Amino acid sequence: MALYVQKFGGTSVGSVERIKAVAEKVKGFRDNGHQIVVVVSAMSGETNRLIGMANEINDEPTPREMDMLVSTGEQVTISLLAMALHKLGVPATSYTGSQVGILTDSSHTKARIQRIETDEIQEDLDDGKVVVVAGFQGVDEEGNITTLGRGGSDTTGVALAAALKADECQIYTDVDGVYTTDPRVVSRAQRLDTITVEEMLELASLGSKVLQIRAVEFAGKYNVALRVLSSFEDGPGTLIVADSDQDEDSMEEPLISGIAFTANEAKLTLLNTPDVPGVASRILGPIADANIEVDMIVQNVAPAGDYTDFTFTVAKGDYKQTMRILKDQVIPDLGGGELRGDDNIAKVSLVGVGMRSHAGVASKMFRVLADENINIRMVSTSEIKISVVIDEKQMELAVRALHKAFGLDKSDIESE
């Protein structure tokens, strides 16, 4: 007998028929003697519907009330799934995040899990029940409902698996695993049998929507066995492993595991800022105080040496607030400067542990983009990834060209 935490995303529970199908799948595992905790998202489209209603009333609703609103989507799903399990003769109990004891900090819309009370879940499991938990949400010390950010149900699932010491956390979604890139953009993308936690962290942080980055962080930190599977077809999925299982010979070749891309980026530049110690802190400090995450940063020194241009990127949703902070706080503090912004950009990234042992990946990437007449506006690198910022309208062209150039197309793989 094993203990599985199974998370089903919004598409997997997007209709009554699909919820019934999930119940059948869960029943099959339980009939085989396994203990099951199910974590579910809101039905597909529901969270966007709720956000849309909020924006019709107030285009800048308070974060606390947004959490109160959007957390209701998962409550609908858990109750319907519990009903479907009861219909199949499976004892089940549904819980919201607050009921099950998922305790978080008070950062509304971006809360982080601090601890999970597992006694009640364990009692239900010992009684033979399936436990159905609302993903994406928790409660702070003041009793306020909090949410974990978009995709937070993945984090709920992995955190529960860690707290319960589950044998495996299975993430069921509308794809049958992790692909070299989005198959909707590149039809020849291939499913990976395994990928390292390190690579998955990079892909998640760079815009891959298969898993939320905090879910992968939890899996790595607490050694949770994590597998991505399809809700709609059988298959092995993709297993996320601690270390690369590549042998030495394969490491002699360029190894790119995947290409991530996102248009959810905005670029801001402060021109003619003083080139003195501490200027970066004075620019980014107020932005960090507003709980806005900064991604890529480039600082250039002007020929005269007295002034610098400072460029950075943030999530597109934080673009307007960041512009206000720069105009109202930063520029007055610096004594001047010219502000420019662009929210029509995209970030494309190559990810692979093979970069550690092979030179020339960056130059090849730049050459491929140049051949397609794609201008690179920013570059960022780490040991296992290279990211570039380009015009949003050229994003898909860049991804397809790089996918083929680095031998990731399915036909290329099969012919090796």
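Look up a bit, the structure's there.
Being a predicted model, the structure only gives us computed values, none of them experimental.

Asks: Tell me about the pattern of salt bridges, and please be specific about residues and values.
Replies: Counted according to the given criterion, the structure contains 20 salt bridges. As a salt-bridge pair, E198 and R356 come within 2.3 Å of each other at their nearest N and O atoms. Taken together, the residues E198 in helix α8 (residues 197-205) and R356 in the loop between β16 (338-351) and α12 (361-371) connect sequence positions 158 residues apart. Residues joined in a network through salt bridges with shared partners are E198, R356 and E383.

Asks: How would you explain a negative patch on the surface if you had to name every residue and give the values?
Replies: A contiguous patch of negative charge, built from D119, E120, E123, D126 and D127, is present on the exposed surface. Checked against the element boundaries, D127 lands in the loop between α6 (119-126) and β6 (130-134). Overall, the relative accessible area of 59% leaves D127 in the exposed class.

Asks: So, unusual backbone geometry: which residues are in play, and what are the values?
Replies: The backbone of K165 shows a phi angle near 55°, a positive value even though the residue is not glycine. Mapped onto the secondary structure, K165 falls in the loop between α7 (152-164) and β9 (168-173). Positive phi, normally seen in glycine, also occurs at N272, with a value near 60°. Note on placement: N272 falls in strand β13 (residues 258-274). When its relative accessible area of 45% is taken as the criterion, N272 is described as partly exposed.

Asks: Give me the lowdown on the pairing of strand β11 (residues 226-230), citing residues and values where you can.
Replies: Where burial is concerned, most of β11 is hidden: four out of the five residues are buried. Pairing of β11 with strand β12 (residues 238-241), which is carried by three bridges, proceeds in the antiparallel orientation. Its bridge partner being in β12, R227 is matched across the sheet by L239.

Asks: Now, about the side chain of T262: what can you tell me, with residues and values included?
Replies: Turning to its location among the elements, T262 is positioned in strand β13. Side-chain polar atoms of T262 contact the backbone nitrogen of N264, separated by 2.9 Å.

Asks: How would you explain the sheet that holds strand β1 (residues 3-8) if you had to name every residue and give the values?
Replies: The strand order across the open sheet formed by eight strands is β3-β6-β2-β1-β9-β11-β12-β10, and the pairing between neighbours is mixed. Only two strands of the sheet have a single neighbouring strand rather than two, namely β3 (92-95) and β10 (194-196). Each neighbouring strand pair of the sheet contributes to a mean axis angle of 20°, computed without reference to strand direction. The pairing of strand β2 (residues 35-40) with β6 spans four bridges and is parallel. Opposite V40, over in β6, you have A134 as the bridge partner.

Asks: Break down the packing of α7 against helix α9 (residues 213-221) for me, with residues and values.
Replies: Direction vectors running N to C along α7 and α9 enclose 15°, while the axes themselves pass 7 Å from each other. As the angle between them shows, α7 and α9 are arranged roughly parallel. Here the hand of the crossing between α7 and α9 comes out left-handed. Every residue of α9 that contacts α7 at D154, T155, V158 and A159 is listed here: R214, A215, F218 and A219. Tallied by class, residues from the contact of α7 with α9 come to five nonpolar, one polar and two charged.

Asks: Please provide a residue-by-residue account of the sheet that holds β13, values included.
Replies: Taken together, the six strands give an open sheet; going across it, the order is β14-β15-β13-β16-β18-β17, and neighbouring strands pair in antiparallel fashion. Only two strands of the sheet have a single partner each, and these edge strands are β14 (294-301) and β17 (378-382). Geometrically, the sheet is characterised by an average inter-axis angle of 25° between neighbouring strands, direction not taken into account. In the sheet, β16 pairs with strand β18 (residues 385-391) via seven bridges, with the strands oriented antiparallel. In the strand pairing of β18, L350 is matched with I386. Most of the contacts of α12 go to β18, to which it runs at about 20°, and overall it touches β16, β17 and β18.

Procedures and definitions
- Residues numbered from 1 in each chain as written.
- Predicted model: local features only at pLDDT ≥ 70, side-chain atom pairs only at ≥ 80, totals over all residues.
- Heavy atoms only, no water.
- Salt bridge = Lys/Arg side-chain N within 4 Å of Asp/Glu carboxyl O.
- Helix = DSSP H or I, 4+ residues; strand = E, 2+ residues; numbered from the N terminus.
- Patch = residues over 30% accessible without salt bridge, like charges linked within 9 Å, V, L, I, M, F, W, Y side chains within 5 Å.
- Areas by Shrake-Rupley, 256 points an atom, 1.4 Å probe, with all protein chains shown as cover.
- Lys, Arg positive; Asp, Glu negative; His and termini not counted.
- Charge placed at Lys NZ, Arg CZ, Asp CG, Glu CD.
- Buried < 20%, exposed > 50% of the residue type's maximum accessible area, 1.4 Å probe, protein only.
- Pairing = 2+ DSSP bridges.
- Polar contact = N/O pair within 3.5 Å; in protein donor to acceptor, adjacent residues only side chain to side chain.
- Axes fitted to C-alpha atoms, helices over the stretch in contact; angles between N-to-C directions.
- Parallel < 35°, antiparallel > 145°, perpendicular 65-115°, else oblique.
- Left-handed = near helix turned anticlockwise from the far one by under 90°.
- Contact = heavy atoms within 4.5 Å.
- Nonpolar A, V, L, I, M, F, W, Y, C, P; charged D, E, K, R; others polar.

Purely geometric numbers; function is a separate question.
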